[in-house]
Amino acid sequence: MMLFGVFMSYKAWGLYTNCESPLVVVLSESMEPAFARGDILFLTNPKKPIEIGEICVYKIPGRDIPIVHRVIGRHDSTETGSQLLLTKGDNNNVDDRGLYQELNVNRGKMWIEPKDVVGRVQGFLPYLGMFTIFMTDYPMLKYALLGAVGLVVFLYE
């Protein structure tokens, strides 16, 4: 029952922030010194246009893992009202155009669009996401923890 409450609270928070995933964990060092690996980011997705300098979390079509990078370029079309964005990690030497084109599906893609943006960073908690990174990097740790929780529940029931 408690898990249901936590899940519903997370979904309600997603509706409030207009963001499908209002929490993400930084998985790499590409945004240092702004964010370190393991930081938890709080996201929102307001309707206003994305500005240069904002830190966004976006997904590239065909890739499952979202990317956290800063917007360094923007192209607005006055005719269609569309917006195109160029991003780069603060700790990277080059922009993300190579990431956009990594898959065959995206050959020739030079910009991302606002529809690719999952959310914009509004705040963070340093290093609290390392727990999820350890669980992913060391699957046996995940099974040991689940076993320990199961044992505690079994012994105290």
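Keep in mind that this is a model prediction, so the values were computed, not measured. (Residues numbered from 1 in each chain as written. Predicted model: local features only at pLDDT ≥ 70, side-chain atom pairs only at ≥ 80, totals over all residues. Heavy atoms only, no water.)

As a rule of thumb, soluble globular proteins bury nonpolar side chains together. With twelve residues, the main nonpolar core is built from Cys19, Val24, Val26, Met31, Phe35, Leu41, Leu43, Ile55, Val57, Val68, Val118 and Val121. Breaking this core down by element, the ones donating at least two residues are strand E2 (40-44), strand E3 (55-58) and strand E6 (117-125). Sequence-distant contacts of Val24, that is, excluding residues within four places in its chain, are made with Asp39, Ile40, Leu41, Leu43 and Val57. Cys56, Leu86, Ile112 and Val117 belong to the second largest nonpolar core, which has eleven residues in total. (Core = buried A, V, L, I, M, F, W, Y, C linked by side-chain atoms within 4.5 Å. Buried < 20%, exposed > 50% of the residue type's maximum accessible area, 1.4 Å probe, protein only. Helix = DSSP H or I, 4+ residues; strand = E, 2+ residues; numbered from the N terminus. Contact = heavy atoms within 4.5 Å.)

Our next topic: the packing of aromatic side chains. Counted according to the given criterion, the structure contains four aromatic pairs. For the pair Tyr58 and Tyr100, a centre-to-centre distance of 6.1 Å together with 70 degrees between the ring planes defines the contact as edge-to-face. Linking Tyr58 in strand E3 with Tyr100 in helix H2 (residues 97-100), this pair joins segments that are 42 residues apart in sequence. Summarising the burial analysis for this pair, Tyr58 and Tyr100 share the class buried. Positioned above the aromatic ring of Trp111 is the side chain of Arg97, whose terminal nitrogen or guanidinium carbon lies 5.2 Å from the ring centre. (Phe/Tyr/Trp six-rings, centres within 6.5 Å; stacked < 30°, edge-to-face > 60°. Lys NZ or Arg CZ within 6 Å of the ring centre and 35° of its normal.)

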